[in-house]
Amino acid sequence: MRKANFDMATFGYTNFSEPRVGNLLRRSIIYNGNSSSYLYQLLAFESPNDRQHMLFRNLETGELDELPLSNLTPTLFDPENSGFKVVGQRMDHLLTNGVVDLKEVSNGDTKLGFEVRHATTGDYLLRVKSVRLPFAEKFTEVGLEYIHELQNLYSDLFPDKTLDLTSFIQSRIQGQKKNRANIDRYEVERLLGKK
C-alpha cells in the first residue's frame, strides 16, 4: 500500500478517500459542554502537500475558516438523502441514482460500506476489499463509507455528471441545528431544575 498524504484510518482506505477541493467534511465541536458538529466544504489547499493550511466554508453559517485537515472528519454517506432510490427488495440493499448502483455489504451486524457498480454496464467501480490496518497485524474489510469518497468517485469516473447533494446537505444542517436546539433545551431544563 502506498504512503498516503492523509490519515487513512480517519478518511477511508479506497482509491477515492483522499480529501480534495469540493469535498464535504464534518467538524466536531463542543457546544454547551456537549458534542455537536458543522458541515464544511473544502475550498482550497495552500499547497498540495500542506494539510495545515486549508480553506473551508461552514455550509450552515457561510463563514470561511482556515483549518488543518486534522480538525475535520469524514461525513458518513447517507444514500437515501443523496438522490438514491431502493431497487427491488429492501433486503438486497441495492440502491441506484441512475449513474451508479450501490450494494450495502455487511459481515453479520458490522456494516463494511458499499460496493459501487456502473448503473448501465454493471461493471464494478469499487468493491469491498481487505486492507491491513496501519500499525496493526490485522486486516479489515472496507468499501465506500463516506460522502467525500462518492464525490471523488464521481469526479474521477463521471466528470460530465452532476452529483446533486442538496438534500444531503439540507438534511445534515437540519440535523445539526436540531442537535444544538436539544442541547439548549436540556440545559434550560437543567438550570430550572427539571432534569
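Values in this document were obtained by computation on a predicted structure and should not be read as measured data.

Novice: It is not clear to me how the packing of aromatic side chains should be interpreted in this structure. Could you clarify?
Specialist: Geometrically, a pair of aromatic rings is defined through the distance of the ring centres and the angle of the planes. Tallied over the full model, the rule gives 4 aromatic pairs. Geometrically, the ring pair formed by Phe 77 and Phe 84 is edge-to-face, given 5.7 Å between the ring centres and 85° between the ring planes. Neither Phe 77 nor Phe 84 differs from the other in exposure class; each is buried. Centre to centre, the rings of Tyr 154 and Phe 158 are 5.6 Å apart; their planes meet at 50°, and the pair counts as tilted. What makes Tyr 154 buried here is its relative accessible area of 3%. Taking the ring centre of Tyr 124 as reference, the NZ or CZ of Arg 127 above it sits at 3.7 Å. Here the guanidinium or amino end of Arg 180 rests over the ring plane of Tyr 38, the centre of that ring lying 4.3 Å away.

Novice: Teacher, can you tell me more about helix 3 (residues 166-191) here?
Specialist: Each full turn of the α-helix corresponds to 3.6 residues, which orients residues three or four apart in the same direction. For helix 3, which comprises 26 residues, the first-to-last C-alpha distance of 38 Å matches the rise-based estimate of 38 Å (1.5 Å per residue) to within 8%. All of the buried residues in helix 3 are Phe 168, Ile 173, Gln 176, Arg 180 and Ile 183. Contact partners of the buried residues in helix 3: strand 1 (24-31), strand 2 (34-45) and helix 2 (147-157). Backbone geometry just after helix 3 places Gly 193 at a positive phi near 80°.

Novice: How do you make sense of the sheet that holds strand 6 (residues 85-86) when you look at a structure like this?
Specialist: Sheet strands associate in pairs through backbone hydrogen bonding, adopting either a parallel or an antiparallel arrangement. The strand order across the open sheet formed by 5 strands is 6-7-8-9-10, and the pairing between neighbours is antiparallel. Strands with a single pairing partner mark the edges of an open sheet, and in this sheet they are strand 6 and strand 10 (124-126). As judged from the 2 bridges shared by strand 9 (residues 110-118) and strand 10, these two strands associate in the antiparallel manner. Each bridged residue has a counterpart across the sheet, and for Arg 117 the counterpart in strand 10 is Tyr 124.

Novice: Is there a simple way to think about the pattern of salt bridges in this case?
Specialist: Opposite charge on two side chains permits pairing when their charged atoms draw close. Under the definition given, this model contains 4 salt bridges. Across the salt bridge formed by Arg 180 and Glu 60, the nearest N and O atoms sit 2.5 Å from each other. With a gap of 120 residues between them, Arg 180 in helix 3 and Glu 60 in the loop between strand 3 (54-58) and strand 4 (64-67) connect regions that are remote in the sequence. Its relative accessible area of 6% is what places Arg 180 among the buried residues. A salt bridge links Glu 189 to Arg 185, with the nearest nitrogen and oxygen atoms 3.7 Å apart. Residue Glu 189 and its partner Arg 185 are both found in helix 3; the two are separated by 4 residues, about one turn of the helix.

Novice: Mind showing me how you'd approach the environment of Ser 36 here?
Specialist: Here Ser 36 lies in strand 2. Residue Ser 36 is classed as buried on the basis of its relative accessible area, which comes to 5%. Between the C-alpha atoms of Ser 36 and Gln 176, which are 140 residues apart in sequence, the distance is 6.9 Å. Beyond its immediate stretch of four places on either side in the chain, Ser 36 contacts Arg 27, Ser 28, Ile 29, Tyr 31, Gln 176, Asn 179, Arg 180 and Ile 183. Side chain to side chain, Ser 36 and Asn 179 meet in a polar contact 2.8 Å long. Within polar-contact distance, the side chain of Ser 36 engages the side chain of Arg 180 at 3.3 Å.

Analysis parameters
Residues numbered from 1 in each chain as written. Predicted model: local features only at pLDDT ≥ 70, side-chain atom pairs only at ≥ 80, totals over all residues. Heavy atoms only, no water. Phe/Tyr/Trp six-rings, centres within 6.5 Å; stacked < 30°, edge-to-face > 60°. Buried < 20%, exposed > 50% of the residue type's maximum accessible area, 1.4 Å probe, protein only. Lys NZ or Arg CZ within 6 Å of the ring centre and 35° of its normal. Helix = DSSP H or I, 4+ residues; strand = E, 2+ residues; numbered from the N terminus. Expected span 1.5 Å × (residues − 1). Contact = heavy atoms within 4.5 Å. Pairing = 2+ DSSP bridges. Salt bridge = Lys/Arg side-chain N within 4 Å of Asp/Glu carboxyl O. Polar contact = N/O pair within 3.5 Å; in protein donor to acceptor, adjacent residues only side chain to side chain.

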